[in-house]
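What the coordinates show
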Amino acid sequence: MQLLVNIDHVATLRNARGEGYPDPIEAAKVCEDAGAAGIVFHLRSDRRHIIDDDVYRLKKSVIGILDFEMAATDEMIRICREVKPHLCTLVPEGREELTTEGGLNMELVKEDYEKRVFPAFKDTGIEISLFLDPNPRDIELAHKLGTDTIELHTGTFANAPSEQAQKKELERLRHGAELIHQAGMKVNAGHGLNLENLPLLIREVPYLEDISIGHALVSKSLYWGLEKTVKEYLKIMNAG
Ligand code: PXP
C-alpha cells in the first residue's frame, strides 16, 4: 500500500491570487521527500486548479509515480499521451461539480471507451485506472474492457451520514476490492479520505495499493506543514 498525494488544491490556492505561489511542483517535491510514493493531479477541462504548464513541470520533477487524473476527452488523451505518466486515472467530469462526484457509469461509457479511449492508449505503456463505485457490474464491465487497475471511489464511505451507512458502504468496498483482485486487476482507492477515516478503510478493505489523498491532506498541512502531514498519513498506512 502506498500514498499518492493529490496536489490540485495547492494550485487552487495559487490561482486565488494569480501569483506564482504556492507552487504545486514545489509541494510535490516536499511530499515525495517526506515519503509519498507519488503525486496525483487532475487536469480539468476548465483548468480551475492545475494548468497545462504544471503538468509538464510535474512530469520533469516527480521522481515516483505520476498519476494523471482526467476525463477521457480527446484533448486530455492527447496531452496524456504526450506527457506519458505512469498512471492515468479516468474519471467522469461535470462542469458544475465542486469535485468528482462518483465513479464512471460503465454501462454508459463502455462503447466509447472500447472504440475510442482504450485504443488511444494502446502501446503507450501508460497504466490505465478507471474510477468506479464499488458496483459489481461496473467492475465486471471494466475488466472486460481490459483495464489494469480500478480506483474505488471512497467518497460515499467518507461522507456517510450515519455509522450504519458507513458500515454498509465499507462492506461494498470490501466486496468490490475482492472482485477486482480476483479478476487480476490492481485495487486503488481515493476520495474524501482523511486521518480519521483512513484507518477504518485500511482495516476493512483488502488488497489496497495506491491510495490517493488530496483535499484533507493539503488542508491539514496549513496547520502542520506538508512534511509532517504526509508523515502522519504514512504512519497510518504503515501501521495498516
Ligand atoms: N481520486 C479521484 C479519482 C479524485 O477525483 C479525487 C479528487 O480529485 C481524489 C482521489 C482525491 O480526493 P480528495 O481530494 O477528496 O482526497
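Read on for a plain summary of the structure. Just so it is clear, the model here is predicted, and its values are computed rather than measured.

Moving on: the overall build of the protein. Regarding its fold elements, the protein presents eleven helices and eight strands. Taking 18 Å as the expected radius of gyration for a compact globule of 240 residues, we find that the protein reaches 17 Å, a close match to that expectation. A principal-axis box enclosing the C-alpha atoms of the protein has dimensions of 45 × 40 × 30 Å. Sequence separation of at least 24 residues holds for 67% of the intrachain contacts in the protein that already meet a minimum separation of 6. Between the averaged position of the 29 positive side-chain charges in the protein and that of its 40 negative side-chain charges there is a distance of 1 Å.

Let's shift gears to the sheet that holds strand β5 (residues 127-132). Adjacent strands of a sheet pair through backbone hydrogen bonds, lying either parallel or antiparallel. With parallel pairing, the eight strands of this closed barrel are ordered in space as β1-β2-β3-β4-β5-β6-β7-β8. The mean angle between the axes of side-by-side strands here comes to 25 degrees, regardless of whether they run parallel or antiparallel. Bridging between strand β3 (residues 65-70) and strand β4 (residues 87-90) involves four bridges; their strand directions are parallel. For Glu69, the partnering residue across the bridge sits in β4 and is Thr89. Taken strand by strand, helix α8 (residues 163-182) contacts β6 (149-153) and β7 (186-190), and its axis lies near 175 degrees from that of β6.

Where nonpolar side chains cluster on the molecular surface, the patch consists of Leu13, Leu222, Tyr223 and Trp224 and spans about 490 Å² of accessible area. The dominant element in the nonpolar patch, judged by the number of residues it contributes, is helix α10 (residues 215-224), at three residues. Mapping Leu13 onto the fold places it in helix α1 (residues 8-17). By relative accessible area, Leu13 is classed as partly exposed at 48%.

We now examine unusual backbone geometry. For the peptide bond that leads from Tyr21 to Pro22, omega is -5 degrees, which places it in the cis range. Mapped onto the fold, Pro22 is located in the loop between α1 and α2 (24-33). A positive phi angle is found at Arg47, which is not glycine, with a value near 55 degrees. Along the chain, the position of Arg47 falls in the loop between β2 (38-42) and α3 (52-61). Positive phi values are uncommon outside glycine, yet His191 reaches one of about 110 degrees.

Moving on, we get to the site of the ligand. Surrounding the ligand, one finds 15 residues, the nearest of these being Glu69, Thr100, Glu151, Gly192 and Gly214. Between Asn6 and the ligand, the recorded distance is 3.5 Å, taken from a side-chain N or O atom to an oxygen atom. A distance of 2.8 Å separates an oxygen atom of the ligand from a polar backbone atom of Gly192. Considered class by class, the residues forming the shell around the ligand number three nonpolar, nine polar and three charged.

What counts and what doesn't
- Residues numbered from 1 in each chain as written.
- Predicted model: local features only at pLDDT ≥ 70, side-chain atom pairs only at ≥ 80, totals over all residues.
- Heavy atoms only, no water.
- Helix = DSSP H or I, 4+ residues; strand = E, 2+ residues; numbered from the N terminus.
- Rg over C-alpha atoms; globule rule 2.2 N^0.38 Å.
- Contact = heavy atoms within 4.5 Å.
- Lys, Arg positive; Asp, Glu negative; His and termini not counted.
- Charge placed at Lys NZ, Arg CZ, Asp CG, Glu CD.
- Pairing = 2+ DSSP bridges.
- Axes fitted to C-alpha atoms, helices over the stretch in contact; angles between N-to-C directions.
- Patch = residues over 30% accessible without salt bridge, like charges linked within 9 Å, V, L, I, M, F, W, Y side chains within 5 Å.
- Areas by Shrake-Rupley, 256 points an atom, 1.4 Å probe, with all protein chains shown as cover.
- Salt bridge = Lys/Arg side-chain N within 4 Å of Asp/Glu carboxyl O.
- Buried < 20%, exposed > 50% of the residue type's maximum accessible area, 1.4 Å probe, protein only.
- Near = heavy atom within 4 Å.
- Polar contact = N/O pair within 3.5 Å; in protein donor to acceptor, adjacent residues only side chain to side chain.
- Nonpolar A, V, L, I, M, F, W, Y, C, P; charged D, E, K, R; others polar.

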